[in-house]
Amino acid sequence: MADHHCCSSHSHCDESSTTDETKSSSSPTHNFSSNDIHKHFNSNDNDNINEESQTVSQLFDIAWSNQNDLQSSSADTTTDDYSSKLLHTIRLLESLEKRLISLELFSDNESIDEVSTTNIRYLLLNAYLAWLYQTKRSKPSQRLINVQHACDYYSKFLTMTRNYEIHKYSIPKAPTNDDCGNMEQLNSRDVDMMKMAQDRASKIQAHLKRREEEETMRAFEEAMKHDASDEEAKRKFYLSKIRWWVDTALNDLVYLHDELRVLLQRKSIEPTNDDESHRRPGPLPPSRPLKPLVITRDMLQSKAIGLGYPSAPTMTIDEFYESLARRGLAPTPEQSKAMASGPKLPSASDMEKEEVAKEAHVERDDPDMISYLRSKDDYMDDHHRGEGNRHNRS
């Protein structure tokens, strides 16, 4: 036997085989003959006849074996065989549930000692159904239904086992739409590192203890296949297996309630999230025509330059400057050229010529030049360099 804890993060199985058959039948590339259809319905009828002809104990043995195969660590959860076996086990256990209810094997007024060894194992039926619905793969819209079924079956299983005083744990309640609507988002969370370390250590110890219990139950089940005459040993084995599933149900309900809370919130936000709804969007409602977006900067700029200027030009730039020159408000082209050339400064040759002329006047003893030079010397004697206008200078 191989019982392994499976949380909601594990991979889920595919949707029911009826969905695949519906898709294949709707495809235009597949043609089914009347013989194939008769074979399909005859096979379903034969399964129903076989289930009705078998006893509850025989059917539960089949479901027990299928459950061990599905929970095996070596099972490939991506194959079609795994999906079909899971769906077949769900259908088998649901039919068994109806038959057990009609037989009234369990009562709230009796203790676990009053239940026979053969009937004790039927307490696991709700736990198996919860695990199967939890593991079942489906679309987002169908996933909410599967999670709700898993929570309901786990709650039934924990309620029945607590009524028989197998455990005394409190059963957590599944969240509702009102609970999800009143949830407040936490912007910050105080983290207690010491408490987190203690929780981690306790989870590791609980995991090691569960692995030991799994090995013990696996070995005992192998021994029961060879010798099933010891009723007391079988009873002890069934009770230990029920207690193991009680711990599994309590752990899985934590993850299932978190997932259910997320699914209910998503359902309140958007009614459906199937792929088909995104592939085929409905027609958009008619909307008013959009007005052109006008930026204020561009609008103001268009009034000054460009095509949006309010008045057309009447003259060119050259004509405008000519009109200014005629009115005396601007220089004429000739004046502009003269101003551009600048004042004429004496060149080096002109200065040399002036010096040569002065020397020639001095050599000829020109009275005018001599008078000019003497007056210049007298002026320099009376007016020192740098004197200038000293009025109002301190």
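See the structure shown above.
Being a predicted model, the structure only gives us computed values, none of them experimental. (Residues numbered from 1 in each chain as written. Predicted model: local features only at pLDDT ≥ 70, side-chain atom pairs only at ≥ 80, totals over all residues. Heavy atoms only, no water.)

1. Describing the overall build of the chain
1) Next: Regarding its fold elements, the chain presents 16 helices and 0 strands.
2) Next: Evaluated residue by residue, the chain yields a buried proportion of 27% over its 394 residues.
3) Next: For the chain, long-range pairs separated by at least 24 residues make up 78% of all intrachain contacts whose partners lie at least 6 apart in sequence.
4) Next: Carbon and sulfur atoms make up 53% of the accessible area of the chain, which totals about 28,900 Å². (Helix = DSSP H or I, 4+ residues; strand = E, 2+ residues; numbered from the N terminus. Buried < 20%, exposed > 50% of the residue type's maximum accessible area, 1.4 Å probe, protein only. Contact = heavy atoms within 4.5 Å. Areas by Shrake-Rupley, 256 points an atom, 1.4 Å probe, with all protein chains shown as cover.)

2. So, the pattern of salt bridges
1) Next: Enumeration according to the criterion identifies 5 salt bridges in this entry.
2) Next: Measuring nitrogen to oxygen at the nearest pair gives 2.7 Å for the salt bridge that ties Arg143 to Glu259. Taken together, the residues span a long stretch of sequence, with Arg143 in helix α7 (residues 140-163) and Glu259 in helix α10 (residues 231-269) at a distance of 116 residues.
3) Next: Residue Arg143 is classed as buried on the basis of its relative accessible area of 7%. (Salt bridge = Lys/Arg side-chain N within 4 Å of Asp/Glu carboxyl O.)

3. Observations concerning the environment of Leu96
1) Next: By secondary structure assignment, the location of Leu96 is in helix α4 (residues 80-103).
2) Next: Sequence separation between Leu96 and Thr55 is 41 residues, and the spatial gap between their C-alpha atoms is 9.7 Å.
3) Next: Each residue touching Leu96, except ones within four places of it in the same chain, is listed here: Val56, Leu59, Phe60 and Leu125.

4. Some details on the environment of Val254
1) Next: With respect to the secondary-structure elements, Val254 resides in helix α10.
2) Next: Judged by relative accessible area, Val254 falls into the partly exposed class, the value being 46%.
3) Next: With 80 residues separating them in the primary sequence, Val254 and Ala174 have C-alpha atoms 9.4 Å apart.

5. With respect to the packing of aromatic side chains
1) Next: Applying the stated criterion across every chain yields a total of 12 aromatic pairs.
2) Next: Judged by centre distance (5.5 Å) and plane angle (75°), the rings of Tyr128 and Trp245 are edge-to-face. Placement of the pair is Tyr128 in helix α6 (residues 125-135) and Trp245 in helix α10, with a sequence separation of 117 residues.
3) Next: We classify Trp245 as buried; its relative accessible area is 0%.
4) Next: Three or more aromatic residues joined by ring pairs make a cluster, and in this case those are Phe60, Trp64, Tyr122, Tyr128, Phe237, Tyr238, Trp244 and Trp245. (Phe/Tyr/Trp six-rings, centres within 6.5 Å; stacked < 30°, edge-to-face > 60°.)

6. Topic: the environment of Cys151
1) Next: Mapped onto the elements of the fold, Cys151 is located in helix α7.
2) Next: Under the relative-accessibility criterion, Cys151 is labelled buried at 1%.
3) Next: With residues up to four places along the chain from it excluded, the contact list for Cys151 reads Leu253, Leu256, His257 and Leu260.

7. Regarding a negative patch on the surface
1) Next: Together, Asp350, Glu354, Glu355, Glu359 and Glu363 make up a negatively charged patch on the protein surface.
2) Next: For Glu355, the location among the structural elements is in helix α15 (residues 348-363).
3) Next: On the basis of relative accessible area, Glu355 is assigned to the partly exposed category, the value being 45%. (Patch = residues over 30% accessible without salt bridge, like charges linked within 9 Å, V, L, I, M, F, W, Y side chains within 5 Å. Lys, Arg positive; Asp, Glu negative; His and termini not counted. Charge placed at Lys NZ, Arg CZ, Asp CG, Glu CD.)

Honestly, it's all geometry; don't read function into it.
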